[in-house]
Amino acid sequence: MKKWISVIALLVAITISGCNSGNKSEKTATYDYKEPNVEMSAALKAKIGDWAKKGIECYGVVVAVDKNGIPQHGLPVKAKIIRIKKDEIKMKAMESVNIGPKEGCNQMGMSYGETWWEKDGDLFQTKEKAEAFLRKQGLLQK
């Protein structure tokens, strides 16, 4: 009986060690994932332009809205394009922007590293163009 227990224990030990003996670095090296090349929709491309590509730094806008969803004021924010989908672009803030408290507004700004999906296409190559957009809308905060 003791002999059988020893044989079973030996088989279990061999099985366990055999399961973990594969070279994981070789398996990892063969893994290859490429994100599909996604084109922006015609409407989004028409609003932003052809310059928008993954990895590009540009400017978005941070706009405070009141409890009814009406824009009150805003500032540009330096950002980086980190992903492009057909109808939206994922952005990452490269600086912190504080638009300050205003009565009826619940968001104070954006922090460095914060991400958002830009759906409206309010992206600009320069800070000056972002400020001009806000000024034209009557939203540029002094």
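The model shown is predicted, which means the values in this text are computed figures rather than measured ones.

### Focus on the sheet that holds strand E1 (residues 57–65)
Here's step 1: Strand order across the open sheet formed by four strands is E1-E2-E3-E6, with antiparallel pairing between neighbours. In the strand order of this sheet, the two ends are held by E1 and strand E6 (115–118), each with one partner. Taking each pair of neighbouring strands and ignoring which way they run, the sheet shows an average axis angle of 45°.
Here's step 2: Examined bridge by bridge, strand E3 (residues 89–93) and E6 share four bridges and lie antiparallel to one another. Each bridged residue has a counterpart across the sheet, and for Lys92 the counterpart in E6 is Thr115.
Here's step 3: Packed on one face of the sheet, helix H4 (residues 127–137) meets E1 and strand E2 (71–84) and runs near 25° to E1.

### Topic: the packing of aromatic side chains
Here's step 1: As enumerated under the stated definition, the model contains one aromatic pair in all.
Here's step 2: Plain terms: the ring middles of Phe124 and Phe133 are 5.1 Å apart, the flat faces sit at 40° to each other, and that makes the pair tilted.
Here's step 3: Its relative accessible area of 14% is what places Phe124 among the buried residues.
Here's step 4: Of note, Lys85 hangs over the ring of Trp117, and the distance from its end group to the ring centre comes to 4.8 Å.

Reading guide: rules and limits
- Residues numbered from 1 in each chain as written.
- Predicted model: local features only at pLDDT ≥ 70, side-chain atom pairs only at ≥ 80, totals over all residues.
- Heavy atoms only, no water.
- Pairing = 2+ DSSP bridges.
- Helix = DSSP H or I, 4+ residues; strand = E, 2+ residues; numbered from the N terminus.
- Axes fitted to C-alpha atoms, helices over the stretch in contact; angles between N-to-C directions.
- Contact = heavy atoms within 4.5 Å.
- Phe/Tyr/Trp six-rings, centres within 6.5 Å; stacked < 30°, edge-to-face > 60°.
- Buried < 20%, exposed > 50% of the residue type's maximum accessible area, 1.4 Å probe, protein only.
- Lys NZ or Arg CZ within 6 Å of the ring centre and 35° of its normal.

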